[in-house]
Amino acid sequence: MIEFLHTLPPALLSTVFDVAPIVAVLTLFQVFVLRRRLPNLRRTLAGLVCVLLGLALFLVGLENALFPIGETMAFQLTAHAAAGAQGAAGAVDWRDYLMVYAFGAAIGFATTVAEPSLIAVAIKAEEVSGRTVRAWPLRIAVAVGVAIGVSLGCFRIVTGTPLPWYIIAAYAVVIVQTFRSSRTIIPLAYDSGGVTTSTVTVPVVAALGLGLAASIPGRNPLIDGFGLIAFASVFPIMTVLGYAIFASWWSRMKTAGGREEAKP
């Protein structure tokens, strides 16, 4: 409790400095451009205080909970394989880290399903589409993409292969999917890739990458530890576009099947 009281004021002060430019821009535009008073000033100030406290508490939670948990899990999962690699003159076998890939997929899926920004986008997409796009299938498709991306990113860290190869190949697939997808789903798919890199997913995935790179012999946390967020951004685009292409194909198949049955 004493340590928490010591860490909260610096986090709160840092949050105030981070939020101050946003508040200044909004206030200046409201007063000098729109030339209107701030509506519901008391409620706005109360909301601002809640935002500052919430962000400060979240930052403290990151430093004391999410980051240590992610790094600890990475060290524990790789301890046996790393010890074997040290005994084999530093040789790293990617097959010794299968549990790490599974854990990366599980943590990527779980954090994405709980991502507040994705929930908001999915709800709005369902509203404006007249329930043509359902919130839960969209969230599941995005979460599956993040799970695949994080698992593949862990494989890249273990093998030490260059990050640009994966990103170029992934975006090449996205480009092909974009030309084959309906125009109505493309903007939503690209936004779905962006909202995954937010408050819940980024800290856990980044901690996993850093802990994994630090625990594998011959890996540099600065060079190899980062990059998982890039995987978590591009693969959801692929899964959402793939889901839309499959749904469109399935609908055409059902329609064609119904016509064949209707023929005498």
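Right above here is the structure, for reference.
As the structure is a computational prediction, the values presented were derived from the model and not from experiment. (Residues numbered from 1 in each chain as written. Predicted model: local features only at pLDDT ≥ 70, side-chain atom pairs only at ≥ 80, totals over all residues. Heavy atoms only, no water.)

### Notes on the packing of aromatic side chains
Quick note on the threshold: Side-chain rings of Phe, Tyr and Trp, where Trp is taken by its six-membered ring, are said to pair if the distance between their centres is within 6.5 Å; with planes under 30 degrees apart they count as stacked, over 60 as edge-to-face, and otherwise as tilted. Under the scheme used here, helices are H or I runs from DSSP no shorter than 4 residues and strands are E runs no shorter than 2 residues, and both carry numbers assigned from the N terminus. Think of it in three bands: residues with accessible area under 20% of the maximum for their type are buried, residues over 50% are exposed, and the middle band is partly exposed, with areas taken using a 1.4 Å probe on protein chains only. By definition, being over a ring means that NZ of Lys or CZ of Arg is both within 6 Å of the ring centre and within 35 degrees of the ring normal.
Taken as a whole and judged by the stated rule, the model has six aromatic pairs. Between F231 and F235 the ring centres are 6.1 Å apart and the planes differ by 10 degrees, which places this aromatic pair in the stacked class. Residue F231 and its partner F235 are located together in helix α10 (residues 228–262), separated by four residues, close to a single helical turn. Aromatic side chains F246 and W250 sit 6.3 Å apart centroid to centroid with 20 degrees between the ring planes, which places their arrangement in the stacked category. Remark: W250 and F246 occur in helix α10; sequence separation between them is four residues, near one turn of the helix. A relative accessible area of 46% means that W250 is categorised as partly exposed. By the ring-pair criterion, three or more aromatic residues cluster together here, those being Y166, F231 and F235. The aromatic ring of W136 is capped on one face by R139, whose charged end is 4.3 Å from the ring centroid.

### Focus: the side chain of T111
Here is the rule we go by: Any two residues whose heavy atoms approach within 4.5 Å are treated as being in contact.
Counting through the fold element by element, T111 comes out in helix α3 (residues 98–113). Take T111: its relative accessible area is 6%, and that puts it in the buried class. Discounting chain neighbours no more than four positions away, the residues touching T111 are V200, T201 and V204.

### Quick word on the packing of helix α5 (residues 135–159) against helix α8 (residues 201–215)
Our working definition: Axis angles are defined between N-to-C directions and span 0 to 180 degrees, where every axis is a line fitted to C-alpha atoms and, for a helix, only to the segment in contact. Any angle between 65 and 115 degrees counts as roughly perpendicular, while under 35 counts as roughly parallel, over 145 as roughly antiparallel, and the rest as oblique. When the near helix sits turned anticlockwise from the far one by under a right angle, the crossing is termed left-handed; a clockwise turn instead gives a right-handed crossing. Residue polarity is assigned by list, with Asp, Glu, Lys and Arg as charged and Ala, Val, Leu, Ile, Met, Phe, Trp, Tyr, Cys and Pro as nonpolar; anything else, Gly included, falls into the polar class.
Contact pair α5 / α8: the axes reach a minimum separation of 10 Å and the direction vectors enclose 20 degrees. Taken as axis vectors, α5 and α8 run roughly parallel relative to one another. Regarding α5 and α8, the two cross each other, and that crossing is right-handed. Counted together, V146, V150, C154, I157 and V158 of α5 and T201, V205, L208, G209, L212 and A213 of α8 form the full contact between these two elements. Tallied by class, the residues present in the contact of α5 with α8 amount to nine nonpolar, two polar and no charged.

So yeah, pure geometry; function would need other evidence.
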